[in-house]
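Given next are the chains, with one letter for each unit.
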Amino acid sequence: MEKGDKVWEVFIQKKSGLAFKHVGNVHAYDKKMAIHNARDLYTRRGEGRALWVVPTEAIVSVPLDDSDAFFDPADDKVYRHATFYEIPKGVKHL
Amino acid sequence: MDKFEEAFNKIIEKDRKVEPRDWMPEKYRQTNIRQISQHAHSEIIGMQPEGNWLLRAPSLRSKQVLLAKIQDEAGHGLYLYSVAETLGISRQEMIAQLQSGEAKYSSIFNYPTVSWADIGAVGWLVDGAAIVNQVSLQRTSYGPYSRAMVRICKEESFHQRQGYEIMCSMAFGTAEQKEMAQDALNRFWEPALMMFGPHDSDSVHKGQSMEWKIKRESNDHLRQRFIDRTVPQAQYLGLTIPDDQLKFNEETQHWETGPFNWDEFWNVVKGNGPCNQERIDHHIAAHKDNEWVREAAAAYAAKTELEVA
Amino acid sequence: MKITINKEEAKFLVRIADTSLILGQRMAEMCSKGPYLEEDIAMSNASLDLFGRAEEMYKIISKIEGNQFSEDDYVFHRNEREYYNIKLVEQPNVDFAWTMVRQYFYDVYAKEVYTQLLQFENSEVKGLAEKVLKEIKYSHSKSKNWLYRLGLGTEESNNRLQIAVDHLLKYVSELFNWDDLDKKYFINCDQIETQWNTEIDSVFEEINIKRKEVPPLSMRDCRDGFHSEHMGHLLSIMQYLPRAYPDAKW
């Protein structure tokens, strides 16, 4: 497409109770068109019940050079993961 | 070697995926852009030979199936343009390259579809060949490309069946229909085999692409897989593969073919196929005739999209 | 093969089926010719919906008629004069404005038509109408949005839209030439016309498009199987294969 069009990221919720999932993007000139285009492209096989579109330019992400600083500190916080904990044998439903 | 290059090499070596914001060698980026955009263009140009019979499909059912299939191709072209865009090229640039002839698409689409049986042959052979290639590409090293392939393979699973179903109704139909089916096979067989590209010994881009795991299996390897699958399917239809040297090698358990006419292949690639000009002209005309629509949409958005909801 | 339609109910429903089919075929012509890829996909969706609703309706007609003919018989073996679609939908895709105006005019009309079919006695027709109304609601919102974009976009788009509107309006009065069959099976014919006029007038006012006085064409009515010149070409392309190879099965 040409000047004036924007790229929009598309998120679909397959059924209620599930999280919205990023499925790709579409080009469109305006909001309504973006929603229509996303519906026509990404739900051709009945894949969705709810749809979000977000202008790609509105998404903020971590700069590549900083990614170590952002994510490495979480690497050693093993206590956030369930497997960190020892459960006595025979104890259930934990 | 700096830490970025090291990280990239490690991703490739460990068979992990390269993601858009990872550092990557410029040549890796360019090779991917070339291959992915070519793949996208093939989907888009491929709509035309099939669209040629859309309005003449002989039943309501076949009409809807064909339309859904062509629509999928548009969708898959779009997924692939999106993937290429993550590498820093815009769809607009890619389309300009297609229209100027700078970018290529699969040569098979430069052949005409002159009967309804050709629609069968395109689905059976052309989609069949594309699927072999795309299944292999699910393991490509560029993450977004790999994910697009997974999705595309899933959606295209009905495409080849649609083609084979048409071949069945033609091959087992009236004498005239069977003749059309054989004629279609005669014309599409060799071009379909050449879709896998030159023999490994002549392939220009092969080495580096394999090392970077952009390409996972060689042209000849993929071609052989396709031949081995397809020959029995032709036999079932009672059609004759147009290759008098075709024979089954008991030792290797593979079908062996005679030599292909590569001169014709290269001539079509260079622009001298039956429909090269028509395909590009059609694309340019649709683009140009609708310039005013895109301008209107842009102008309307500029007037109304000020308030962001 | 001579296709006949005998029951009154079937004669009424075949008009609706034919209208879906012919518009579907026109929309299918746009495949690979859209202003950009996303819209191309959208137009194919519209076409698929139309073919689907035509197919279902022919099946119902076939049942009403006692399964004499299949849906494909109705599609491929009737001549021009045996088709009963509104002339509006056979008009060509001169440019994108024509395509969208034709679609929008149809959507506004069809929305009310299928709403009334919800009250139809035949439960299969009712069921189909329910499904179709969802499709039309979506299609209507899409085509209406396009009228806003074209009407309020650029001077050129407004001009082109006005030209398409001026031409296609000529085929609108026919929609409301109700005959006895219409009056028997629609709940309220006048309502279809009033709804159509109310929506079109209010939208045109917002998008800077004039609704000129269009004297009705001196053309015989689609209800008697009369069409514009375009129809014969459309059918000759669509019906070519089954007619060229009458013994073949596809």
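What you are looking at is a predicted structure, and each value in this text was computed from that prediction instead of being measured. (Residues numbered from 1 in each chain as written. Chains lettered and ligands numbered in written order. Predicted model: local features only at pLDDT ≥ 70, side-chain atom pairs only at ≥ 80, totals over all residues. Heavy atoms only, no water.)

Peer 1: How should the interface of chain B and chain C be read in this particular structure?
Peer 2: For interface size, the figure often reported is the accessible area lost on association. Of the residues lining the interface, 42 residues belong to chain B; the matching set on chain C comes to 49 residues. Around 3900 Å² of area is buried between chain B and chain C when both sides are counted, 71% of it from carbon and sulfur atoms. When the buried surface of chain B facing chain C is broken down by residue, L55(B), L60(B) and W292(B) rank first, second and third, together holding 20% of it. At the boundary of chain B with chain C, the tally comes to one salt bridge. The interface formed by chain B and chain C includes 13 residue pairs in polar contact (both at pLDDT 80 or more). Elements that contribute at least two residues to the side of chain B that touches chain C include exactly helix 3 (47-51), helix 4 (60-85), helix 7 (143-171), helix 8 (175-194), helix 12 (276-289) and helix 13 (291-304) of chain B. (Contact = heavy atoms within 4.5 Å. Buried area = accessible area lost by both parts, 1.4 Å probe. Salt bridge = Lys/Arg side-chain N within 4 Å of Asp/Glu carboxyl O. Polar contact = N/O pair within 3.5 Å; in protein donor to acceptor, adjacent residues only side chain to side chain. Helix = DSSP H or I, 4+ residues; strand = E, 2+ residues; numbered from the N terminus.)

Peer 1: What's the story with the interface of chain B and chain A in this structure? I'm lost.
Peer 2: In this complex, chain B contributes 29 residues to the contact, which on the side of chain A involves 23 residues. Inspection of the region where chain B meets chain A yields four salt bridges. Here R45(A) ties to D72(B) by a salt bridge, and the two come within 2.6 Å at their closest N and O atoms. Summed over the shared surface of chain B and chain A, the result is seven residue pairs in polar contact (both at pLDDT 80 or more). Looking at the side of chain B that touches chain A, the element that brings in the most residues is helix 4 of chain B, giving eight residues. Taken together, the residues of the side of chain B that touches chain A sort by class into eleven nonpolar, six polar and twelve charged. (Nonpolar A, V, L, I, M, F, W, Y, C, P; charged D, E, K, R; others polar.)

Peer 1: Whenever I open this one, helix 2 (residues 37-64) of chain C confuses me. Can you help?
Peer 2: All names here are of chain C. Between its terminal C-alpha atoms helix 2 stretches 41 Å, which fits the 40 Å expected from 28 residues at 1.5 Å a residue. The element helix 2 is largely enclosed, with a buried count of 24 among its 28 residues. Phi for G66, located one or two positions after helix 2, is positive at around 85 degrees. (Expected span 1.5 Å × (residues − 1). Buried < 20%, exposed > 50% of the residue type's maximum accessible area, 1.4 Å probe, protein only.)

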